[in-house]
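Here are the chains, one letter per residue:
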Amino acid sequence: MILNKQVTVILGVFILLAGCGKQLVQSPAENDFNVDAELNYCVKQTSKALAQIPDNGLIPRNIAPNASQWRMVDYTDWTSGFWPGELWYLFEATADSKWKKVADKYTEYLKPLSVSPATDHDLGFQVFSSYGNGYRLTKDTEYKSVLLKTADTLATLFNPKVGTILSWPRDVPNMEWPQHNTIMDNMINLELLFWASKNGGSKQLYDMAVSHAAVTMNNHFRPDYTSYHAVVYDKETGKKIKGVTHQGYSDSSMWARGQAWAIYGYTMVYRETNDPKFLDFAHKVTRVYLDRLPKDLIPYWDFDDPAIPKSPRDASAAAVVASALLELAVYTTDNNLANEYNEKALGMLKELSANYQSKNHNSALLLHSTGHKPAGSEIDYSIIYADYYYIEALLRYKKIAQGQKPLITYKLN
Ligand code: GLY
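Residues numbered from 1 in each chain as written. Predicted model: local features only at pLDDT ≥ 70, side-chain atom pairs only at ≥ 80, totals over all residues. Heavy atoms only, no water.

- The protein chain is annotated in an unreviewed UniProt entry as Unsaturated chondroitin disaccharide hydrolase from Flavobacterium phragmitis.
- Per UniProt, the protein chain has the following entry under Sequence similarities (unreviewed entry): "Belongs to the glycosyl hydrolase 88 family." (UniProt positions renumbered as here; feature names shortened; annotations may be inferred.)

Rendered as structure tokens:
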């Protein structure tokens, strides 16, 4: 396998290029994390997965705790972009064209999304992880065209009376359909709108993304900055009707992955807008998450599950947050805080690598993620999005350790 030479960083040489080269933040801690060894592990496991999965037009989504085979889904599934995204990241990590070939193959499976009406907000997750990474790495103009078309499709779900995208355009329990619902996860889909507005798409896409982020900031959070999973709005007046959960423990609990999407989402929105109110908010939603983590830095699926510590973890939330923290640290002018973010991100990556890898169990990268516990679905599973964000975080870490900017996708033209 072809990886660049080791980036084993030792004796406090975890030097981070922060704020586009404005300052250096140096961690005092000895750092013996071998990121290349972990990326090699990802290469090996994903090669195993590729050899195992059927070549039938479907895409791997999850592996149950005692199973060894992937459950496959079609391109309409909300997770369909993560597998091609993982393959693009391996192409980036190895520069081996074999990964480009398979990444392209699975990316193409999602093409119909760009020419079908929107049935869900997840278009950004699906198309930006696959085509977005593909375009960033290849500049293939066909990929660009799919991205632009899909951004326009996603925009059809925007309700100007509310100021957010409708997440679930259908009757979902507790969402008072046909009122307007927006879920925290939807923040991630804004990245596709920002990208499109800067790469030939309409300026309105940018305005929609900013509006969505601001309205969500005002309505989706409790006074302690923990997030509701879903908010229901009156679709005509735009007035908030209620904040509720869907995948979390209760309406007042902090669902781990929801908060992870908020941390990742507001960091990305700051990157795209340069508006300090979003940076300030990213710090606030991060603080409450970090302060309530268990010692090993991997959250239980919901921070307020009374069954803790006999409750499942969510490695996927840890992977999302590790990746987000590495980016947020770059924008953080307070050196102590930037150091904390970097050290915690590194701690998360070390813990995931030491105790959550799937190696002797299956061909995923990580074990112990929780998808939808209240529905009894994907509890303590290997799930493809955990793997995607784990590789993303490893790549970001490697770039930063080499003195480069972290991997971010905002300059794709
Ligand atoms: N976007 C759905 C989830 O995070 O489970």
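1. What about the side chain of Asp305?
Point 1. In this fold, Asp305 is placed in the loop between helix H9 (276-291) and helix H10 (315-330).
Point 2. Lys373 provides the closest opposite charge to the buried, unpaired Asp305, separated from it by 4.6 Å.
Point 3. When sequence neighbours within four positions are dropped, the list of residues in contact with Asp305 reads Tyr249 and Ser311. (Helix = DSSP H or I, 4+ residues; strand = E, 2+ residues; numbered from the N terminus. Buried < 20%, exposed > 50% of the residue type's maximum accessible area, 1.4 Å probe, protein only. Lys, Arg positive; Asp, Glu negative; His and termini not counted. Salt bridge = Lys/Arg side-chain N within 4 Å of Asp/Glu carboxyl O. Contact = heavy atoms within 4.5 Å.)

2. Observations concerning the layout of surface pockets
Point 1. Put simply, the largest pocket is a space of about 510 Å³.
Point 2. Forming the walls of the largest pocket are 31 residues, and the residues nearest its centre are Trp78, Asp120, Asp122, Trp168 and Arg170.
Point 3. Of all the secondary-structure elements, those providing two or more residues to the lining of the largest pocket are helix H4 (123-138) and helix H8 (256-273).
Point 4. When grouped by side-chain class, the residues that make up the lining of the largest pocket number 13 nonpolar, ten polar and eight charged. (1 Å grid on protein atoms, 1.4 Å probe; cavity = no way out; pocket = protein on both sides within 12 Å on 5 of 7 lines; lining within 4 Å. Points joined across faces, edges and corners; volume = space filled by probe spheres on them. Nonpolar A, V, L, I, M, F, W, Y, C, P; charged D, E, K, R; others polar.)

3. A short note on the site of the ligand
Point 1. Near the ligand you find Trp78, Asp185, Gln247, Trp255, Arg257, Trp261 and Tyr385, and these make up its full shell.
Point 2. Taking Arg257, its side chain carries an N or O atom lying 2.5 Å from an oxygen atom of the ligand.
Point 3. Here Trp261 contributes a side-chain N or O atom positioned 3.0 Å from an oxygen atom of the ligand.
Point 4. Against a free-state accessible area of 200 Å², the protein chains account for coverage of 93% of the ligand.
Point 5. Its atoms largely coinciding with the cavity grid, the ligand occupies the largest pocket.
Point 6. Within the shell around the ligand, the residues separate by chemical class into four nonpolar, one polar and two charged. (Near = heavy atom within 4 Å. Polar contact = N/O pair within 3.5 Å; in protein donor to acceptor, adjacent residues only side chain to side chain. Areas by Shrake-Rupley, 256 points an atom, 1.4 Å probe, with all protein chains shown as cover. Sits in = over half its atoms within 2 Å of the grid points.)

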